[in-house]
Amino acid sequence: MASITFDRITKRYPDGTQAVTELDLDIRDGEFLVLVGPSGCGKTTALRMAAGLEEISEGRLFIGDRVVNDVHPSQRDIAMVFQNYALYPHMSVAQNMAFPLVCAGVAKDEAKGRVEKAAESLGLTEYLHRKPKALSGGQRQRVAMGRAIVRNPQAFLMDEPLSNLDAKLRGQMRAEIRNLQRQYETTTLYVTHDQVEAMTMGDRIAVLRKGLLQQLGTPDELYESPANLFVAEFIGSPPMNILSASITRTAAGHELVLGSQRLALPAHALDAYPSLAGADGARVALGLRPESLYDAATADPAWPRLAADVELVENLPPEKLLHLRVDAQPVVTDATVEIAQDIDAAAAEDLRSLGRGSVVHARLTGATAVREGTRAEFAVPPSALHFFDLSTGQAIAPVRPLLAGAGSPAAGTRTA
């Protein structure tokens, strides 16, 4: 096994388009690292450079201790798993899985043994004689995985391998791929635009936007301490609520001003933010996770209260997802529109012209008494507040890391 290192790698096409810009990324030996971002962010280009399918314009690519910029793909000792399976329709499952071994000149008996072992681990033993057309989508993807596994490569490169499967199969295959990677302990670089896949599969996640690395960290680090507004809105489902706010000083401490509402913050709530602790009238982008809004009737009475009109309640047992309208200005950035564009072009145009209409999402337990069509109060724990600079979009990080260890919000980031 081996690590994969991107050392200030840039990809520039002849027409001047720069798909990846000075990417620094170290995928550790045996690690499962996910590259995630919206369509066109450069993640597949980065994967293809690692595979040798795209030339590198600048920088160095290491597999282990070896620089492989000019090494042919067949000599890099990596195995790829593609989105479209890339199986030979005229070959049986066994023949498809054995094909790379045949090309490599592996002895027939050894190749047969490797195929049978991989087939057993993938639940494909009874299908070895079948052709791909007789298999389901999930079974075909297992065959593609088996073809990669039999090679015993230094690394797996996976390019959106689950995007052609339905939701149920995607969930099942996520678990299977992750378990197989742990079993074989093979270094894996996995590309997806689906943040749910990224959060559930990756040891660490690298978030890309327009070819630039936005943040690198564990799923918890990205969720708890997003480096900027793009990561805050990309990671999490529903995404983080972002509202324009100002911070004012009072005799008792500070207040958050959201539209006509003033939320009193407990004493010392801003002590960890030197740039905000002495502020009076400072404007910020305020981030609130849907999971950080609580039914005021059952929450800590010391927490600030936010009043909102309950426009819609989606019942998702054991939870309820509430769509709220609050008296506050939304923050609609280019990143906000870019994320929406990746999902729905019409929705992106609505965002650009109308903003998000000050709609806030809250995820509550199913026992809540809050009902659709009412006005209700929601409690916000001060520790759950996220602050971002309105001009740069960068997180205003506390002086103490929110998470212990090396995963502070600034770690592994590059300003876009």
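What this report covers is the structure whose coordinates are included nearby.

Cut-off values and rules
Residues numbered from 1 in each chain as written. Predicted model: local features only at pLDDT ≥ 70, side-chain atom pairs only at ≥ 80, totals over all residues. Heavy atoms only, no water. Salt bridge = Lys/Arg side-chain N within 4 Å of Asp/Glu carboxyl O. Helix = DSSP H or I, 4+ residues; strand = E, 2+ residues; numbered from the N terminus. Buried < 20%, exposed > 50% of the residue type's maximum accessible area, 1.4 Å probe, protein only. 1 Å grid on protein atoms, 1.4 Å probe; cavity = no way out; pocket = protein on both sides within 12 Å on 5 of 7 lines; lining within 4 Å. Points joined across faces, edges and corners; volume = space filled by probe spheres on them. Nonpolar A, V, L, I, M, F, W, Y, C, P; charged D, E, K, R; others polar. Pairing = 2+ DSSP bridges. Axes fitted to C-alpha atoms, helices over the stretch in contact; angles between N-to-C directions. Contact = heavy atoms within 4.5 Å. Phe/Tyr/Trp six-rings, centres within 6.5 Å; stacked < 30°, edge-to-face > 60°. Lys NZ or Arg CZ within 6 Å of the ring centre and 35° of its normal. Expected span 1.5 Å × (residues − 1).

**What about the pattern of salt bridges?**
- Taken as a whole and judged by the stated rule, the model has 16 salt bridges.
- Put simply, R114 and E110 hold a salt bridge, and the shortest N to O gap is 2.7 Å. In this pair, R114 and E110 are both assigned in helix α3 (residues 108-122), four residues apart and thus about one turn of the helix distant.
- Overall, R114 belongs to the partly exposed group, its relative accessible area being 27%.
- Salt-bridge contacts for R325 lead to E311; the nearest nitrogen and oxygen are separated by 2.6 Å. With R325 in strand β17 (residues 319-325) and E311 in strand β16 (residues 305-316), this residue pair connects regions lying 14 residues apart in the sequence.
- Taking the relative accessible area as the measure of exposure, R325 reaches 33% and is therefore partly exposed.
- Residue classification places E311 among the partly exposed residues on the basis of a relative accessible area of 40%.
- Several salt bridges share partner residues, and in doing so they unite R8, E22 and D24 into one network.

**Looking at the layout of surface pockets**
- What the second largest pocket holds in volume is close to 480 Å³.
- Along the walls of the second largest pocket sit 16 residues, with I78, A79, M80, F82 and R151 positioned nearest its centre.
- Every element with two or more residues in the lining of the second largest pocket is listed here: β6 (78-81), α2 (93-103) and α4 (137-149).
- Per-element tally for the lining of the second largest pocket: the top contributor is β6, with three residues.
- Per-class residue counts for the lining of the second largest pocket are twelve nonpolar, two polar and two charged.

**What about the sheet that holds strand β8 (residues 187-192)?**
- Spatial ordering of the open sheet is given by β6-β7-β8-β3-β9-β10, a layout of six strands whose pairing is mixed. Across the chains shown, the open sheet's two edge strands, defined by having one partner strand only, are β6 and β10 (212-217). The sheet shows a mean angle of 15° between the axes of neighbouring strands, taken without regard to direction.
- By the bridge criterion, five bridges tie strand β7 (residues 155-159) to β8 in an arrangement that is parallel. Looking across to β8, one finds that L157 is bridged to L189.
- Sheet strands touched by α4: β6 and β7. Its angle to β6, the strand with the most contacts, is close to 175°.
- Here helix α5 (residues 167-184) sits on the sheet and contacts β3 (32-36), β7 and β8; the angle it forms with β3, its principal contact strand, is near 140°.

**What about the sheet that holds strand β5 (residues 66-67)?**
- What the four strands build is an open sheet, ordered β2-β1-β4-β5; its pairing is antiparallel. The strands lining the two open edges of the sheet, one partner per strand, are β2 (18-27) and β5.
- Relative to strand β4 (residues 58-63), strand β1 (residues 4-12) is paired through five bridges, and the arrangement is antiparallel. Bridge assignment links F6 to a residue of β4, and that residue is L61.

**Remarks on the packing of aromatic side chains**
- Across all of its chains, the model carries five aromatic pairs by this definition.
- Ring centres of F32 and Y190 lie 5.6 Å apart, and the angle between their planes is 35°; on these two criteria the pair is classed as tilted. With F32 in strand β3 and Y190 in strand β8, this pair connects stretches of sequence that are 158 residues apart. In this structure, F32 and Y190 share a single accessibility class: buried.
- When the ring of Y294 is compared with that of W303, the centres are 5.3 Å apart and the planes differ by 55°; the resulting orientation is tilted.
- Accessibility expressed as a relative area gives 24% for W303, which makes it partly exposed.
- For R289, the ring lying beneath its charged end belongs to Y223, and the centroid distance is 4.3 Å.

**Side note on unusual backbone geometry**
- Between S237 and the following residue, P238, the backbone shows a cis peptide bond with an omega angle of -5°.
- With respect to the helices and strands, the residue P238 is situated in the loop between α8 (229-234) and β11 (241-250).
- In the segment running from P317 into P318, the intervening peptide bond is cis, with an omega of 10°.
- With respect to the helices and strands, the residue P318 is situated in the loop between β16 and β17.
- The backbone of E22 sits at a positive phi, close to 45°, despite the residue not being glycine.
- As for its placement among the helices and strands, E22 is situated in strand β2.
- Positive phi is not limited to glycine here, since H268 has a value of about 70°.
- With respect to the helices and strands, H268 occurs in the loop between β13 (261-265) and α9 (274-277).

**Quick word on empty space enclosed by the protein**
- Counted under the stated rule, the structure contains two cavities of 30 Å³ or more.
- Taken as a whole, the second largest cavity spans an internal volume of roughly 50 Å³.
- Lining the second largest cavity, in full, are L256, L258, L263, L265, L286, L288, P304, L306, V380, P381, P382 and L385.
- Counting only elements with at least two residues in the lining of the second largest cavity, the list comes to β12 (253-258), β13 and β14 (282-288).

**Examining α4**
- With 13 residues, α4 extends 18 Å between its outermost C-alpha atoms, agreeing within 8% with the 18 Å of an ideal straight helix rising 1.5 Å per residue.
- Burial analysis of α4 places eleven of its 13 residues in the buried class, which makes it a mostly covered element.
- Among the residues of α4, G138, Q139, Q141, R142, V143, A144, M145, G146, R147, A148 and I149 are the ones counted as buried.
- If you follow the buried residues of α4, they end up packed against β6, α2, α3, β7 and α5.

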